[in-house]
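Architecture at a glance
What follows is the residue order along each chain.
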Amino acid sequence: DNPDVATTLDNLGMVLVQRGDYAAAEGRLLRALSIHEQRASDRATLATVIHDLGHLAMLRGEYARAREQFDRALTMRTSKFEKGHRAIASVLESLGELAMTLGRYDEALKLFEEVLATRRRADTPQPEIARAILHVAEVRGRRGERDEALRLVDEASRMFERTMGLAHPEAA
């Protein structure tokens, strides 16, 4: 087994996650993880598989396991990349989604605001910034801060419209 096979298995696993075939996805992801661990693959690549396993766990309602996987991926990515790197922001975003799922809105807001700040500072595509704004808006709305949530949704919508055009669903 080589790293290309592991990457393909990871990608296939995530397609299976999107299709809702969690058992098949887990098998592919665990095999990808095993290959990367046996070959002492690049930590960033290994972190991606672990991050993906965290998503799967979260979708299955295995929140403690998801947190463990996300924390493990974050540790690996912070040892590889500088603070503010988009790979780190991606894991922070997942941790924010988990916190929001668990009703920990203060924690989710802090994480999403950090993701948004990172994406604004970095050379990040506008749609990724807009999606980060929507995460902040969702938490604000759940906390009852409806005016701020509406302002943020409007900002994100204008950003989607500018970058993707009026016909794109995210601009609507």
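Residues numbered from 1 in each chain as written. Predicted model: local features only at pLDDT ≥ 70, side-chain atom pairs only at ≥ 80, totals over all residues. Heavy atoms only, no water.

1. As for the overall build of the chain
Each helix and strand in the chain was counted, giving eight helices and zero strands. Along the chain, helices (α) and strands (β) appear in the sequence α-α-α-α-α-α-α-α when read from the amino end. Here the C-alpha radius of gyration of the chain, 17 Å, is about what a compact globule of 172 residues would show, namely 16 Å. Overall size of the chain, expressed as C-alpha extent along the three principal axes, is 50 × 35 × 30 Å. Counting the 172 residues in the chain, one finds 42% classified as buried. Relative to all contacts within the chain whose residues are 6 or more apart in sequence, the contacts with residues 24 or more apart total 52%. For the chain, the computed accessible surface area is about 9100 Å², with 49% contributed by carbon and sulfur atoms. (Helix = DSSP H or I, 4+ residues; strand = E, 2+ residues; numbered from the N terminus. Rg over C-alpha atoms; globule rule 2.2 N^0.38 Å. Buried < 20%, exposed > 50% of the residue type's maximum accessible area, 1.4 Å probe, protein only. Contact = heavy atoms within 4.5 Å. Areas by Shrake-Rupley, 256 points an atom, 1.4 Å probe, with all protein chains shown as cover.)

2. So, the pattern of salt bridges
Enumeration over the complete set of coordinates arrives at 18 salt bridges. In this structure, Arg-67 and Glu-107 form a salt bridge, with 3.0 Å as the shortest nitrogen-oxygen distance. Remark: Glu-107 occurs in helix H6 (residues 105–121) and Arg-67 occurs in helix H4 (residues 63–80); sequence separation between them is 40 residues. Of the charged contacts, one joins Glu-93 and Arg-119 as a salt bridge, the two residues approaching to 3.2 Å between their closest N and O atoms. Taken together, the residues span a long stretch of sequence, with Glu-93 in helix H5 (residues 86–101) and Arg-119 in helix H6 at a distance of 26 residues. Of the residues examined, Glu-93 reaches a relative accessible area of 13% and is grouped as buried. You can call Arg-119 buried: its relative accessible area is 7%. One network of salt bridges, in which partners are shared, links Asp-106, Glu-113, Arg-140, Arg-143 and Glu-145. (Salt bridge = Lys/Arg side-chain N within 4 Å of Asp/Glu carboxyl O.)

3. So, H6
The end-to-end C-alpha separation of H6 is 24 Å, in line with the 24 Å expected for 17 residues at 1.5 Å each. Inspection of H6 places Ala-108, Leu-109, Leu-111, Phe-112, Val-115, Leu-116, Thr-118 and Arg-119 among the buried residues, and these make up the whole buried set. Turning to H6, the residues buried within the fold contact H5 and helix H7 (126–142). (Expected span 1.5 Å × (residues − 1).)

4. Details of the nonpolar core
Among the nonpolar cores identified, the biggest contains 48 residues, and Phe-70, Leu-92, Leu-95 and Ile-133 are the most heavily contacted of them. Going through the elements one at a time, helix H1 (3–19), helix H2 (22–38), helix H3 (43–59), H4, H5, H6, H7 and helix H8 (146–164) are the ones with two or more residues in this core. Residue contacts for Leu-95: discarding those within four places in its chain leaves Arg-67, Phe-70, Asp-71, Leu-74 and Leu-111. (Core = buried A, V, L, I, M, F, W, Y, C linked by side-chain atoms within 4.5 Å.)

5. Some words on the environment of Ala-108
Relative to the elements of secondary structure, Ala-108 occurs in helix H6. The buried category is assigned to Ala-108, whose relative accessible area is 0%. Spatially, the C-alpha atoms of Ala-108 and Ser-79 are 23 Å apart, while their sequence positions differ by 29 residues. Sequence-distant contacts of Ala-108, that is, excluding residues within four places in its chain, are made with Gly-96, Ala-99, Met-100 and Val-139.

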